[in-house]
Amino acid sequence: RRGGAKAIHPATRAFQAVRIEVNGELEAIDSALPSMIGSLNPGGRIGIISFHSLEDRRVKRTFLRHSGRAGDGDDRVSKLERYTGIRAEDDAELGGAAGPTLRLLRRKPFVATEEEAERNARSRSAKYRFAEKTG
């Protein structure tokens with residue numbers, strides 16, 4: 001927990017995991033992001049708001065791969081694989097030999113300020129990442 005944050009009830013996490021799996025949310029991100037990036041014109045921008053770490057990790061890694069910054073040696077086990085045994089598809093072909101297709105406009109995501117999180121509790125977990133399509 002970060003500086004005085006309230007504990008999250010265990011049932012909340014369990015429900016979230018079930019919802020993510022039943023709705024196929026991670027698979028939707030994996031299929032939608034490359035399509036969205038591919039449909040951008042040069043100079044076009046893409047912005048994604050994620051609300052939990054599994055989503056954010058997918059967005060971050062896709063953006064990094066498409067910007068040519070992805071490392072090959074990431075053999076860490078994802079939370080999804082660790083807790084369910086389901087392995088995320090290997091999408092290493094993204095951003096392949098054609099070179100980078102995105103330029104990251106900011107290394108770190110935008111997150112809610114303390115003031116905003118106090119006014120709007122739902123904003124506390126939101127992360128906004130964005131990038132620009134290269135020519």
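Residues numbered from 1 in each chain as written. Predicted model: local features only at pLDDT ≥ 70, side-chain atom pairs only at ≥ 80, totals over all residues. Heavy atoms only, no water.

Regarding the overall build of the protein
Step number 1: Helix and strand content of the protein: five helices and four strands.
Step number 2: The N-to-C order of helical and strand elements in the protein reads α-α-β-α-α-β-β-α-β.
Step number 3: Residue burial in the protein is summarised as follows: out of 135 residues, 28% are buried.
Step number 4: Pairs at least 24 apart in sequence give 74% of the contacts found in the protein among residues at least 6 apart.
Step number 5: Working note: accessible area of the protein is about 9,800 Å², and carbon and sulfur atoms make up 51% of it. (Helix = DSSP H or I, 4+ residues; strand = E, 2+ residues; numbered from the N terminus. Buried < 20%, exposed > 50% of the residue type's maximum accessible area, 1.4 Å probe, protein only. Contact = heavy atoms within 4.5 Å. Areas by Shrake-Rupley, 256 points an atom, 1.4 Å probe, with all protein chains shown as cover.)

Considering the pattern of salt bridges
Once the charged atoms of two side chains with opposite charge are near each other, the side chains can pair.
Step number 1: With the rule as written, the count across this model stands at seven salt bridges.
Step number 2: A salt bridge links Arg 58 to Asp 30; its shortest N-O distance comes to 2.2 Å. You can see Arg 58 sitting in helix H3 (residues 53-66) and its partner Asp 30 sitting in helix H2 (residues 25-39), a full 28 residues away along the chain.
Step number 3: The buried category is assigned to Arg 58, whose relative accessible area is 15%.
Step number 4: Look at Asp 30 and you get partly exposed, because its relative accessible area is 26%.
Step number 5: Arg 129 is the partner of Asp 56 in a salt bridge, and the nearest nitrogen-oxygen pair spans 2.8 Å. Note that Asp 56 is positioned in helix H3 and Arg 129 in strand S4 (residues 127-133), a separation of 73 residues in sequence.
Step number 6: For Asp 56, a relative accessible area of 7% translates into the label buried. (Salt bridge = Lys/Arg side-chain N within 4 Å of Asp/Glu carboxyl O.)

A few points about the nonpolar core
Note that soluble globular proteins tend to have their nonpolar side chains buried in a common cluster.
Step number 1: Residues Ile 29, Leu 33, Ile 37, Leu 40, Ile 46, Ile 48, Val 59, Phe 63, Leu 102, Leu 104 and Ala 131 constitute the largest nonpolar core, which totals 11 residues.
Step number 2: Breaking this core down by element, the ones donating at least two residues are H2, strand S1 (45-50), H3 and strand S2 (102-104).
Step number 3: A per-element tally of this core places H2 first, with three residues.
Step number 4: If near-sequence neighbours (up to four positions away) are discounted, Ile 37 is found in contact with Ile 46, Thr 62, Phe 63, His 66, Thr 101, Leu 102 and Lys 133. (Core = buried A, V, L, I, M, F, W, Y, C linked by side-chain atoms within 4.5 Å.)

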